[in-house]
Every structure is written in C-alpha cells, then in structure tokens.
Amino acid sequence: MSGAAPPLFGRVALIGLGLIGASMAWAMRRDNVAREIAGYARSADTRAAAGRLGFLDTVCDSAADAARGADVVVLCVPVGAMEAVAAEIAPALSPGAIVTDVGSVKAAVIAAVAPHLPEGAAFVPAHPLAGTEQSGPEAGFATLFDNRWCILTPTPASPRRAVDKIADLWRRCGANVEEMTPQHHDLVLAVTSHTPHLIAYTMVGVADDMAQVTESEVIKYSAAGFRDFTRIAASDPTMWRDVFLTNREATLEILGRFTEELFALQRAIRMGDGEMLFDYFTRTRAIRRGILEAGQDTAAPDFGRARGLGDAVGGGGE
Ligand code: NAP
C-alpha cells in the first residue's frame, strides 16, 4: 500500500453498504483512494448506520443520487439484486464513469448488468476473495482485503484503461489482483468456495436433523471441524441463495465430482481399505501446506482463531 499516494478518483459511489461495501469504504479511506466516498443502501436503518459509523462522506437517498457525478460506481449488493440496481443507476451515470461490482458469481452478473449500461460507461466486473460469515455495515473493517486476491473478469467491451484503474483501486485497498474469464472464475469459485459452502450447510443440516445428537451436545462437543462447518453455514442466506441460483452449472459439475469422490471414500471405509484412505489424506494435506505457503491462511492451530463465540472474523465468507 502506498500511504501518501494521491487519490485515484474524485467520487466513488458504493451501492450496498454491508460487509463488502463498508469494508471497501474503510479500506479506501485508509489509503486516500477517493476524494469523496458516497453510498446508498436499500434500508433507512443501514443508511443511518453508515452515517453513524462514519465510513462515507455522503449518504445518499437513492442509488441514482449516489451514482450521479461518480467516477466509479461499485455494486456491492447481492448477486440477485445487481440487475435492478444497474437499471436504476444507468440514467444517472456520467460519461466515462466506470461501473464495477463485487459479486461472487461473474457470468450471471455480467449478463444482468451489462445490457443496462449506457454507451460511454465502462463495466469492469470484479470479485474480491475476502469475507466473513457476518453481514451488514457494522461487519466492515479496513483490513478485510489485505493480501487477499481480487479477481477481475473483464469483458471484450471493458476498456483497458478502466480495467487498470479498477486494478489500482483494489491494490490500494490491500488486495492482489488477477484477471481471468468470467467462466473460468465461476468454475474456480465453484471448487474453492461455493461447493464447500454447500457441504458445510449440508453437514450442519445433518447434525440438526439427528435427534439423538441434541443441540447442547452439538454446541458442547463442537470440535474444530464441525465448528468451522457451523461458522461457514452461518453465512448470509440471501447472498448464498443467489450464488447457487446464478452459478448453477459450475456448482452442479463440482458437486457431481464431489459425490463420486465421496462414494469412493465410502467404499474404502466399507472395504477397510486403509491404504486408499491414507494416500487420499496425504494428498489433501499437501493442499493445506500450499495454502499456507501462499500466505492465504495461518499455520496456527484452529486456523489461528481465538476460542469462543467472538472468533468469527478472518474466516467464513470467501
Ligand atoms: P451484506 O452485508 O448482506 O450487504 C448487502 C448490502 O446490499 C446491504 O447494504 C443491503 O441493504 C444492500 N442491498 C440488498 N439489496 C439491495 C437492493 N435491491 N438495492 C440496494 N441495496 C441493496 O452482503 P455482503 O457480504 O456485503 O455482499 C455483497 C456482495 O458481495 C454480494 O454480491 C456477494 O456475493 C459479494 N461478496 C460477498 C463476500 C462475503 O464473504 N460476504 C465476499 C466477496 C463478495 P440493506 O442493508 O438495506 O438490506
């Protein structure tokens, strides 16, 4: 991060002021990325919270008001709300404005947003791979994106100058930037984020269904593995519903492969094939080492989180 670097933009507008929108505002303030940060969220409660918390310079009464005069408009709403927001801001966009987003799915967001934008506005789809299972404006914090990846998925219509500016924005927010196609992004994220979330939801659902394991036992004996599942399964229901509805094909493809592997392991357990299990777990252990070597997690036991109920920040989400 550059500390004393001059602002990249005049006005940046954030539409959606939850975990990601608020964290972007804090991160942009930390590094003086914009002269003015404006924002809008759907509910008066969230707008009031944003005013109270102080991460915006201007709290607006509509998405169009926030977008008017902005050099960059960042859509930080759930994937399923992107199209309506794009339609609402389109008439208010200045010529040359850059529209970007933070949605967890890319091909569907591009299909929903791009047709609404006027000629002269650039669209640079993006996805920061950082999050927690918490949501809302209070959940935001300035360091969320530090040393995390932000993936840009430019379309053939995205001007290079605009792509480079959004890359700079994310670097100034602490992230490392990579580019890939929207389709490849959706497949990669189906493997690394979307399917794991579905598995966590399922595992917690199974525990909840098992009458002989009472709720108090689930809480009392929740060892690291199950505790991590419950943390992930506490993620925002709206966001994750939208992810599965819009990244359907890639998620179903990975789930199919997952089911096949699960059957193979199930068979090894049934047949007492210890060698197969040992080899499989040895291979997967190496993947964890790779993540640590890449600086994407800490080697501290229990993923470095303090024990207790307040241990959420730093995991979950994406
Ligand atoms: P969040 O904390 O639930 O915040 C969502 C925000 O969007 C809220 O301010 C909400 O307003 C607003 N909103 C919802 N529908 C709207 C609409 N129709 N018009 C205007 N505002 C609307 O969610 P988040 O975690 O920040 O996620 C935002 C986006 O980031 C999603 O697309 C998600 O896929 C992506 N993302 C999330 C993570 C993660 O781990 N959480 C990581 C990377 C990317 P109200 O508060 O008034 O309801």
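Residues numbered from 1 in each chain as written. Predicted model: local features only at pLDDT ≥ 70, side-chain atom pairs only at ≥ 80, totals over all residues. Heavy atoms only, no water.

Chemist: Quick rundown of the layout of surface pockets? Include the residues and the values.
Modeler: If you add up the space inside the second largest pocket, you get close to 890 Å³. Of all elements in the fold, only α1 (19–30), α4 (82–89), β7 (126–128) and α10 (237–246) reach the threshold of two or more residues within the lining of the second largest pocket. Looking at which element gives the most residues to the lining of the second largest pocket, the answer is α10, with five residues. When grouped by side-chain class, the residues that make up the lining of the second largest pocket number 19 nonpolar, 17 polar and seven charged. When residues are assigned to domains, the lining of the second largest pocket turns out to be shared by domain 1 (9–181) and domain 2 (184–293), each giving three or more. (1 Å grid on protein atoms, 1.4 Å probe; cavity = no way out; pocket = protein on both sides within 12 Å on 5 of 7 lines; lining within 4 Å. Points joined across faces, edges and corners; volume = space filled by probe spheres on them. Helix = DSSP H or I, 4+ residues; strand = E, 2+ residues; numbered from the N terminus. Nonpolar A, V, L, I, M, F, W, Y, C, P; charged D, E, K, R; others polar. Domains from an automatic or database assignment.)

Chemist: Can you break down the domain arrangement of the protein residue by residue, with the values?
Modeler: As a measure of interface size, the accessible area lost when the parts come together is often cited. Domain annotation of the protein identifies domain 1 (9–181) and domain 2 (184–293). Across the contact, 17 residues belong to domain 1 and 16 residues belong to domain 2. Taking both partners together, domain 1 and domain 2 bury about 1,200 Å²; carbon and sulfur atoms supply 65% of that area. The largest share of the area that domain 1 buries against domain 2 comes from S104, V105 and E133, three residues that together contribute 40% of it. At the junction of domain 1 and domain 2, the tally comes to zero salt bridges. Seen at the junction of domain 1 and domain 2, the total is seven residue pairs in polar contact (both at pLDDT 80 or more). Counted by class, the side of domain 1 that touches domain 2 contains nine nonpolar, six polar and two charged residues. (Contact = heavy atoms within 4.5 Å. Buried area = accessible area lost by both parts, 1.4 Å probe. Salt bridge = Lys/Arg side-chain N within 4 Å of Asp/Glu carboxyl O. Polar contact = N/O pair within 3.5 Å; in protein donor to acceptor, adjacent residues only side chain to side chain.)

Chemist: Provide a residue-level description of the site of the ligand, including the pertinent values.
Modeler: Surrounding the ligand, one finds 30 residues, the nearest of these being R42, S43, T46, V77 and S104. For the ligand, an oxygen atom lies 2.7 Å from a polar atom in the backbone of V77. Within the backbone of G136, an N or O atom sits 2.8 Å from an oxygen atom of the ligand. For the ligand, the protein covers 89% of the area, taking 900 Å² as the surface of the free molecule. (Near = heavy atom within 4 Å. Areas by Shrake-Rupley, 256 points an atom, 1.4 Å probe, with all protein chains shown as cover.)

Chemist: So what about the packing of aromatic side chains? Which residues, and what values?
Modeler: This structure, assessed with the given rule, holds three aromatic pairs. Ring centres 5.7 Å apart and planes at 65° place the aromatic pair W26 and F55 in the edge-to-face group. Within this pair, whereas W26 is found in helix α1, its partner F55 is found in the loop between α2 (44–53) and β3 (58–59), the two being separated by 29 residues in sequence. A residue is classified by how much of its surface remains accessible, and F55, at 0% relative accessible area, is buried. Aromatic side chains W240 and F244 sit 6.0 Å apart centroid to centroid with 40° between the ring planes, which places their arrangement in the tilted category. With a gap of four residues between them, W240 and F244 both fall in helix α10, about one helical turn apart. With relative accessibility at 18%, the residue F244 sits in the buried group. R283 extends its terminal NZ or CZ atom over the ring of Y280, reaching a point 5.1 Å from the ring centre. (Phe/Tyr/Trp six-rings, centres within 6.5 Å; stacked < 30°, edge-to-face > 60°. Buried < 20%, exposed > 50% of the residue type's maximum accessible area, 1.4 Å probe, protein only. Lys NZ or Arg CZ within 6 Å of the ring centre and 35° of its normal.)

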